[in-house]
Amino acid sequence: MQDYIILNSVSNLAKAEKVLATYAQIGCFLDNDTAGRNTCDSLKAKFGERVLDKSRYYREYKDLNDYLRGKSLSQSAEPIKQERQVQSARRMMQPPKKRGLKM
């Protein structure tokens, strides 16, 4: 049997440390970014060999979710950039908003 603790953000780690201390093994499925690596290092410093960095299994992906969806790092960055450009173009084409009260 396995338990899972979903942090939703590495800033919530302090809230989970008390619970994590009771486990013999801690598998970290954190993001492949600086915050994720730093958090895993912090856990290793605190809990030692009990911490297993599982992000190596999906190192070509931003995070576990992208890995499960088959969305590589190169795919995850580009659509966001294009979407922002489209939104900016739409805003430029819209007439300015009218000011004042509508009745």
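To start, this report covers the structure provided alongside it. All values derive from a computational prediction rather than experimental measurement. (Residues numbered from 1 in each chain as written. Predicted model: local features only at pLDDT ≥ 70, side-chain atom pairs only at ≥ 80, totals over all residues. Heavy atoms only, no water.)

### Focus on helix H2 (residues 34-47)
Quick reminder of the rule: Helical segments are the DSSP runs of H or I of at least four residues, strand segments are the runs of E of at least two, and each set is numbered from the N terminus. The length a helix should cover is 1.5 Å for every residue beyond the first. Working rule for contacts: check all heavy atoms of both residues, and any pair within 4.5 Å makes them a contact.
Over its 14 residues, H2 extends 20 Å from the first C-alpha to the last, a length consistent with the 20 Å expected when each residue adds 1.5 Å. Here the buried face of H2 lies against helix H1 (13-20), strand S1 (26-28) and strand S2 (51-53). Backbone geometry just after H2 places Gly-48 at a positive phi near 65 degrees.

### Structural notes on the nonpolar core
Most often, soluble globular proteins have nonpolar side chains that are buried together. To keep things clear, this is the line we draw: As used here, the term nonpolar core means buried Ala, Val, Leu, Ile, Met, Phe, Trp, Tyr and Cys residues forming a set that is joined through side-chain atoms within 4.5 Å. Each residue is assigned to one of three classes by its accessible area relative to the maximum for its type, calculated with a 1.4 Å probe on protein chains only: buried under 20%, partly exposed between the two thresholds, exposed over 50%.
Membership of the largest hydrophobic core is limited to eleven residues, which are Leu-7, Leu-13, Ala-16, Leu-20, Ile-26, Cys-28, Leu-30, Cys-40, Leu-43, Phe-47 and Val-51. Broken down by secondary-structure element, the contributors of at least two residues to this core are H1, S1 and H2.

### Overview of the environment of Ile-26
Here Ile-26 lies in strand S1. Put simply, Ile-26 and Asp-3 are 23 residues apart on the chain and 9.8 Å apart in space, counted from C-alpha to C-alpha. With residues up to four places along the chain from it excluded, the contact list for Ile-26 reads Leu-20, Phe-47, Arg-50, Val-51 and Leu-52.

### Regarding H1
To keep things clear, this is the line we draw: Each C-beta atom gives one direction from the helix axis, and the arc is the one those directions make.
Among the residues making up H1, those that are buried are Leu-13, Ala-16, Glu-17 and Leu-20. For H1, the angular spread of the buried residues around the axis is 120 degrees, confining them to a single face. What points out from H1, more than 90 degrees from its buried face, is the exposed set Ala-14, Lys-15 and Lys-18. The secondary structure elements touched by the buried residues of H1 are S1 and H2.

### Comments concerning the packing of aromatic side chains
Quick reminder of the rule: Pairing of aromatic rings covers Phe, Tyr and Trp, the last counted by its six-membered ring, and requires centre-to-centre distances within 6.5 Å; plane angles under 30 degrees mean stacked, over 60 mean edge-to-face, and any other angle means tilted.
Evaluation of the coordinates by the stated rule reveals two aromatic pairs. Their ring planes at 35 degrees and their centres at 6.3 Å tell us that Tyr-58 and Tyr-67 sit as a pair that is tilted. The partly exposed category is assigned to Tyr-67, whose relative accessible area is 37%. Plain terms: the ring middles of Tyr-61 and Tyr-67 are 5.4 Å apart, the flat faces sit at 80 degrees to each other, and that makes the pair edge-to-face. Members of the aromatic cluster, connected to one another through ring pairs, are Tyr-58, Tyr-61 and Tyr-67.

### Quick notes on the packing of H1 against H2
This is how the line gets drawn: All axes are obtained by fitting lines to C-alpha atoms, using only the stretch in contact for helices, and the reported angles, taken between N-to-C directions, cover 0 to 180 degrees. Two helices crossing with the near one rotated counterclockwise from the far one by less than a right angle form a left-handed crossing, whereas a clockwise rotation gives a right-handed crossing. Polarity classes work like this: nonpolar for Ala, Val, Leu, Ile, Met, Phe, Trp, Tyr, Cys and Pro, charged for Asp, Glu, Lys and Arg, and polar for all others, with Gly in that last group.
Running from amino to carboxyl end, H1 crosses H2 at an angle of 35 degrees, the nearest separation of the two axes being 12 Å. At the point where H1 passes H2, the crossing takes the right-handed sense. Counted together, Leu-13, Glu-17 and Leu-20 of H1 and Thr-39, Ser-42, Leu-43, Lys-46 and Phe-47 of H2 form the full contact between these two elements. Split into classes, the residues belonging to the contact of H1 with H2 amount to four nonpolar, two polar and two charged.

### Focus on the pattern of salt bridges
Close approach of charged atoms lets side chains of opposite charge pair. We count it as follows: A carboxyl oxygen of Asp or Glu within 4 Å of a side-chain nitrogen of Lys or Arg is what we treat as a salt bridge.
Taken as a whole and judged by the stated rule, the model has three salt bridges. Salt-bridge contacts for Lys-46 lead to Glu-17; the nearest nitrogen and oxygen are separated by 3.3 Å. In this pair, Lys-46 is assigned in helix H2 and Glu-17 in helix H1, connecting sequence segments 29 residues apart. Accessibility expressed as a relative area gives 51% for Lys-46, which makes it exposed.

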